[in-house]
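# Understanding the architecture of this molecule
Each chain is listed here by its residues.
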Amino acid sequence: MTRPEQVLPGPVMAAVDIGASSGRVMAAGLVDDRIDLVEVHRFDNGPVAREGHLYWDIEMLITEVITGLRRVVERWPEVISIGVDTWAVDYGLLDASGELIGRPYAYRDPRTEAVIDTVHAAISPERLYAITGLQHLPFNTVYQLTAEQAGPRWPIAARLALLPDLIVHRLTGRLVAEVTNASTTGLLDATSRRWSNEVLDAVGVPGDLLPELAEPGTTVGTVRPGLGLPPIPVVAVGSHDTASAVVGVPAADDHFGYVSSGTWSLVGVELPGPVLTEQSRAANFTNEGGVDRTVRLLRNVGGLWLLEQCREAWGDRAPALGDLLAAAGELPAGGPLVDVDATDLITPGRMPERIADACRRTGQPAPAGPVAITRCILDSLADAYARTLDRAAELSGRPISSVHVVGGGARNELLCRLTARATGREVLAGPVEATAFGNVLVQARTAGLAPDTLPALRRLLADSVQLTRHLP
């Protein structure tokens, strides 16, 4: 459960969990086979526009992380470990002295559009997929680094740090690349879980730019002096937030599908190994590394960012979110649908008009007003979830008996209800803080406080949280 008060049982662990729109620092305690979370510090995040590009304010994020960790230590001085997770693919470049070279680019920046053909001329999409198993997305790190080579940072770059690893580097002084996040770059061999020399050579990335790889559960180091914190061990968790979120799926067996629903939706299944077939590539499924050498066969599907963008555009003209969802739920089924994965819905701005235009282009009536547009977005997400889960089951040969919706979308009762209807499967919603739970479970296991296996960790979590069931 998530507790608002300060009481926590047992040894306390700190989870830093940062998404593309907000971040939080959580404290967790584990005792009597139950795990409890307390949110200690929350802060906003978002790309910053400068000189025609989008960047992350990484110095602000690091300051907020340290502030949150100090608050955890003030309440619970004997914190036993820290784990950090963020979104994937983005990175910072460090110079020879270990200093960051400028702000990291944000993945929604359009700079990669001009280099995709360059990458594919150097290594074909078929070969790239056969090695990395990665869904083609224009912002994958392999494309970002190719674009980077034309800029002023590249000649002075000595090391690359993926964003969660960059934060860990600031905390400990040690730089590693945690494998689950490294698996999203398009530079990692999906079978060996090592950097691919073939891909690096093809795209002109020197191998010594990339840090040593670390599996989840590795203790990277301790917090260095000068940060106002004790020398707490920092543990590599599933530092890609989706990897931690899937650990935080309280599934009863292996036959589950998951939707990690937030700014993006990550929809798929957990497997013991990658699916590197031509059928999987053609379906644009990705094989991302999971905790305990598992693989998350999934697709990045559009997410609630579409609704967030619309609400930002509507401002005070739209009802409060609860009223908006209630009114949208009263509309009849069978309304217009949009392709939530469309590239023209990736960038910010004018989202209500762009959704209406997308409906018109496909011969459907354009939804008018906030309520109808909200229903269109949620129907479209549920439809995309259903199609993606069916295809994941087909490609993997693993039947899906139930669907777990975790993350912020688990709060959206209408989205969960529509997902149950669209998939024809039982939907179990929760926990909202699955990523933080997964982060902490890996820390707890590293400290010898939790079971060794993923199924046992998930049973522990299932006993600690309440789920909401939605029947088809």
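Preceding this paragraph is the structure being described.
Here is a short report on the structure shown in this document. Because the structure is predicted, anything quoted here is derived from the model rather than measured.

### Things to note about the pairing of strand β7 (residues 91-94)
Along β7, one buried face is formed by Tyr 91 and Leu 93 and the opposite face, lined by Gly 92 and Leu 94, is buried too. Summarising the sheet, β7 and strand β8 (residues 159-162) pair through four bridges and their orientation is antiparallel. Among the inter-strand pairings, Leu 94 is bridged to a residue of β8, identified as Arg 159.

### Points about helix α11 (residues 321-329)
For α11, the complete set of buried residues consists of Leu 324, Leu 325 and Ala 328. Down the axis of α11, the buried set is contained in an arc of 95°. They therefore lie on one face. The exposed residues of α11 that point more than 90 degrees off its buried face are Gly 322 and Asp 323.

### Regarding the packing of helix α10 (residues 305-314) against helix α12 (residues 351-361)
At a closest axis distance of 8 Å, the pairing of α10 and α12 adopts a crossing angle of 120°. Considering their axes alone, α10 and α12 lie oblique with respect to each other. Note on element contacts: α12 touches α10 through Met 351, Pro 352 and Ile 355, opposite Trp 305, Leu 306, Gln 309, Cys 310, Ala 313 and Trp 314. A class-by-class count of the residues in the contact of α10 with α12 yields eight nonpolar, one polar and no charged.

### Here we look at the packing of α12 against helix α13 (residues 369-396)
One can describe the packing of α12 onto α13 by two numbers: an axis separation of 11 Å at closest approach and a directional angle of 65°. Here α12 lies roughly perpendicular to α13, going by the angle between them. For α12 against α13, the interelement crossing comes out left-handed. In this structure, α12 uses Pro 352, Ile 355 and Cys 359 to contact α13, whose residues at the interface are Ile 373, Cys 376 and Ile 377. For the contact of α12 with α13, the per-class residue count stands at six nonpolar, no polar and no charged.

Calculation rules
- Residues numbered from 1 in each chain as written.
- Predicted model: local features only at pLDDT ≥ 70, side-chain atom pairs only at ≥ 80, totals over all residues.
- Heavy atoms only, no water.
- Buried < 20%, exposed > 50% of the residue type's maximum accessible area, 1.4 Å probe, protein only.
- Helix = DSSP H or I, 4+ residues; strand = E, 2+ residues; numbered from the N terminus.
- Pairing = 2+ DSSP bridges.
- Arc of directions from axis to C-beta.
- Axes fitted to C-alpha atoms, helices over the stretch in contact; angles between N-to-C directions.
- Parallel < 35°, antiparallel > 145°, perpendicular 65-115°, else oblique.
- Contact = heavy atoms within 4.5 Å.
- Nonpolar A, V, L, I, M, F, W, Y, C, P; charged D, E, K, R; others polar.
- Left-handed = near helix turned anticlockwise from the far one by under 90°.

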